[in-house]
Amino acid sequence: SAMKDYDDLWADEWRINAEVIGPSEYHRLRLVEDLMKRYRLVGETILDAGCGSGNLLVRSKQKFEGASFTGLDVSSEALAVARQRVGSWATLQVGDLEKSESLPHEEYNVILCSEVLEHIIENRIALDNLYNLCKPGGQVVIAVPHGPQYWTPHDDAAGHCRRYTRDEMRDKTQDAGFVVSE
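Analysis parameters
- Residues numbered from 1 in each chain as written.
- Predicted model: local features only at pLDDT ≥ 70, side-chain atom pairs only at ≥ 80, totals over all residues.
- Heavy atoms only, no water.
- Phe/Tyr/Trp six-rings, centres within 6.5 Å; stacked < 30°, edge-to-face > 60°.
- Helix = DSSP H or I, 4+ residues; strand = E, 2+ residues; numbered from the N terminus.
- Buried < 20%, exposed > 50% of the residue type's maximum accessible area, 1.4 Å probe, protein only.
- Arc of directions from axis to C-beta.
- Contact = heavy atoms within 4.5 Å.
- Pairing = 2+ DSSP bridges.
- Core = buried A, V, L, I, M, F, W, Y, C linked by side-chain atoms within 4.5 Å.
- Polar contact = N/O pair within 3.5 Å; in protein donor to acceptor, adjacent residues only side chain to side chain.

Give me the packing of aromatic side chains: which residues, what numbers.
One pass over the full model with this rule turns up two aromatic pairs. For the ring pair Phe-69 and Trp-89, a centre distance of 5.4 Å and an interplane angle of 80 degrees mean the geometry is edge-to-face. In this pair, Phe-69 is assigned in strand S2 (residues 68–73) and Trp-89 in the loop between helix H5 (76–86) and strand S3 (90–94), connecting sequence segments 20 residues apart. The class of Trp-89 is partly exposed, set by a relative accessible area of 29%. Their ring planes at 80 degrees and their centres at 5.3 Å tell us that Tyr-131 and Phe-178 sit as a pair that is edge-to-face.

I'd like a description of helix H6 (residues 123–133), backed by residues and values.
Of all the residues in H6, the buried ones are Asn-123, Ala-126, Leu-127, Asn-129, Leu-130 and Leu-133. One face of H6 carries all of its buried residues, which in axial projection span an arc of 160 degrees. Those residues of H6 that are buried are in contact with strand S1 (45–49), strand S4 (108–114), strand S5 (134–143) and helix H8 (166–175).

Kindly report on the pairing of S4, identifying the contributing residues and their values.
Judged by how many residues are buried, S4 sits mostly within the fold: seven of seven residues are covered. Note that S1 and S4 share three bridges and pair parallel. Its bridge partner being in S4, Asp-48 is matched across the sheet by Leu-112. Two elements, S4 and S5, share six bridges in a ladder whose sense is parallel.

Explain the nonpolar core residue by residue, including any values.
By size, the foremost hydrophobic cluster in this structure holds 20 residues, and its most contacted members are Leu-97, Ile-111, Leu-117 and Leu-130. Going through the elements one at a time, S1, S4 and H6 are the ones with two or more residues in this core. Ranked by residue count, the leading element in this core is H6, at four residues. Dropping the residues within four chain positions of it, Ile-111 is found in contact with Leu-47, Ala-49, Leu-130, Leu-133, Cys-134, Gln-139, Val-140 and Val-141. Ranked by size, the runner-up nonpolar core spans 17 residues in total, among them Met-36, Cys-51, Leu-56 and Val-86.

Provide a residue-level description of unusual backbone geometry, including the pertinent values.
Both trends apply: most residues other than glycine have a negative phi, and most peptide bonds are in trans. Notably, Glu-115 is not glycine yet its phi reads approximately 60 degrees, a positive angle. Tracing the sequence through the fold places Glu-115 in the loop between S4 and H6. Residue class for Glu-115 comes out partly exposed when judged on its relative accessible area of 29%.

So what's going on with the environment of Asn-109? Which residues, and what values?
When you line up the elements, Asn-109 lands in strand S4. Discounting chain neighbours no more than four positions away, the residues touching Asn-109 are Val-42, Gly-43, Glu-44, Thr-45, Lys-135, Gly-138 and Gln-139. At 3.1 Å, the side chain of Asn-109 and the backbone nitrogen of Glu-44 are in polar contact. A polar side-chain atom of Asn-109 sits 2.8 Å from a polar atom in the side chain of Thr-45.

Set out below in structure tokens:
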């Protein structure tokens, strides 16, 4: 199962580098932060859907003073790494974006979903679930690897199912009910 695979990766090789922010991780975090600024994200309740080691949670805490944070990930091993980084200021929960029954029973003002959807086979179900987790008028930031033509062995090793074109991502998010800003 996907959960077993990601638990194995987090228990082994990904855990070793969890707190090391290399060029690609730094770039990803910078891009998400730029989107937060551009769209003036304001939230009392923040969900990082697919939080992994908690890097984005840690960075987001500086941007959303006084907010409550929840980190969601399919891997309990990833959440064990995140727990060491975030301590008690964030709620961490195992959840699978393809299985609504595993998700929190609340809605969030801001949802961050960075480098997650490319790992999910049933991405339409995941997008529907993200939509349902978002409060009316809330904002969702989604970041995915661009361009199927850029597929490399790294995508295979990381467990990616796909890369997206801009049009495909726009269409999929609109089909799920989102109003697309970018």
